[in-house]
Amino acid sequence: MLPLQVSKSDPSEHGDMGHLRLYLAILESGRDLNNILDPTGVKKGSGNNSYQLKFGNSDISFRDKFIVLDEKHKYSITPGLVELLFKRDPIGTYVTNTDLANFRNILQYTSAHRVKNDPNSRVKAWNQPKYTKYIHPLFNVKIGGGALVEKSLPGLWDNFKVAYLKPKKYYRYWNDPNELCERLKLLLGEKNAGNSSHDNEINSIIEELREEGYIR
């Protein structure tokens, strides 16, 4: 029986498919006690589709040593690619250049890295190691100077999406929706006490939560 949470032990101790079996067990249990899984990564469907795994706006399954998206696209299961699909902080020693190339293709197809999984939306400005170490560099996303900007990388990737966000909007990194809500609660308390200097950040947090579908 697989453990329901990841200890400090290496997932590879559970065999060649140990990474996948271990993270699927955590996902199935709903008990991610060590906050291992990425909430924007592989997840269970909702309602009548709770048996179906989702990644971004696509169905994802794992069978015959392949990762299958919408019954159309197949990628070989590797420890590194599984780390990138499931983890907040992938174990970098397992991630190869091939894993990164396949992960980028998967993200482009599923839009899992974009707000609301919408291919026309911006890349999520999250401060998880997976985003700062892998996703943002893969899509050449820079956050600074009050703006999140996504540019093309000439000669490196084909069919690269180019997007520029309004420079006057307030953006910063976020780890998860709970952090956003706690920050919003703090800022609203400051505002109620007479401090109106945080209005831009308050509006940005509300917009972020709305774009992610947590509020309407």
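Look up a bit, the structure's there.
If you're wondering where the values come from, they're calculated on a predicted model, not measured in any experiment.

### Some words on unusual backbone geometry
- The residue Asn 35 is not glycine, and still its phi comes out positive at about 55°.
- With respect to the element layout, Asn 35 can be found in the loop between α1 (18–29) and β1 (43–44).
- By relative accessible area, Asn 35 is classed as partly exposed at 43%.
- One non-glycine residue with positive phi stands out, namely Asp 70, at about 50°.
- Note that Asp 70 resides in the loop between β4 (66–69) and β5 (73–76).

### Focus on the pairing of β5
- Across four bridges, the pairing between β4 and β5 is antiparallel. For Val 68, the partnering residue across the bridge sits in β5 and is Lys 74.
- Hairpin remark: β4 followed by β5, antiparallel, with three residues in the connecting loop; positive phi at Asp 70, about 50°.

### Focus on the environment of Ile 202
- As for its placement among the helices and strands, Ile 202 is situated in helix α6 (residues 199–211).
- Overall, Ile 202 belongs to the buried group, its relative accessible area being 5%.
- Considering only alpha carbons, one finds Ile 202 and Arg 183, 19 residues apart in sequence, at a separation of 8.7 Å.
- Those residues in contact with Ile 202 that sit more than four places away from it in its chain are Leu 184, Leu 187, Leu 188 and Lys 191.

### Notes on the pattern of salt bridges
- Scanning the model with the defined rule gives five salt bridges in all.
- Ionic pairing is found between Asp 89 and Lys 133, a salt bridge with its closest N-O pair at 3.4 Å. Linking Asp 89 in the loop between α2 (79–86) and α3 (97–110) with Lys 133 in helix α4 (residues 129–138), this pair joins segments that are 44 residues apart in sequence.

### Brief notes about the packing of α2 against α3
- Axis separation between α2 and α3 bottoms out at 9 Å; the angle between their running directions is 40°. By the angle between their directions, the pair α2 and α3 is classed as oblique. The hand of the α2/α3 crossing is right-handed. Contact residues: Gly 80, Leu 81, Leu 84 and Leu 85 in α2; Asp 99, Leu 100, Asn 102, Phe 103 and Ile 106 in α3.
- In terms of residue class, the contact of α2 with α3 is built from six nonpolar, two polar and one charged.

Calculation notes
- Residues numbered from 1 in each chain as written.
- Predicted model: local features only at pLDDT ≥ 70, side-chain atom pairs only at ≥ 80, totals over all residues.
- Heavy atoms only, no water.
- Helix = DSSP H or I, 4+ residues; strand = E, 2+ residues; numbered from the N terminus.
- Buried < 20%, exposed > 50% of the residue type's maximum accessible area, 1.4 Å probe, protein only.
- Pairing = 2+ DSSP bridges.
- Contact = heavy atoms within 4.5 Å.
- Salt bridge = Lys/Arg side-chain N within 4 Å of Asp/Glu carboxyl O.
- Axes fitted to C-alpha atoms, helices over the stretch in contact; angles between N-to-C directions.
- Parallel < 35°, antiparallel > 145°, perpendicular 65-115°, else oblique.
- Left-handed = near helix turned anticlockwise from the far one by under 90°.
- Nonpolar A, V, L, I, M, F, W, Y, C, P; charged D, E, K, R; others polar.

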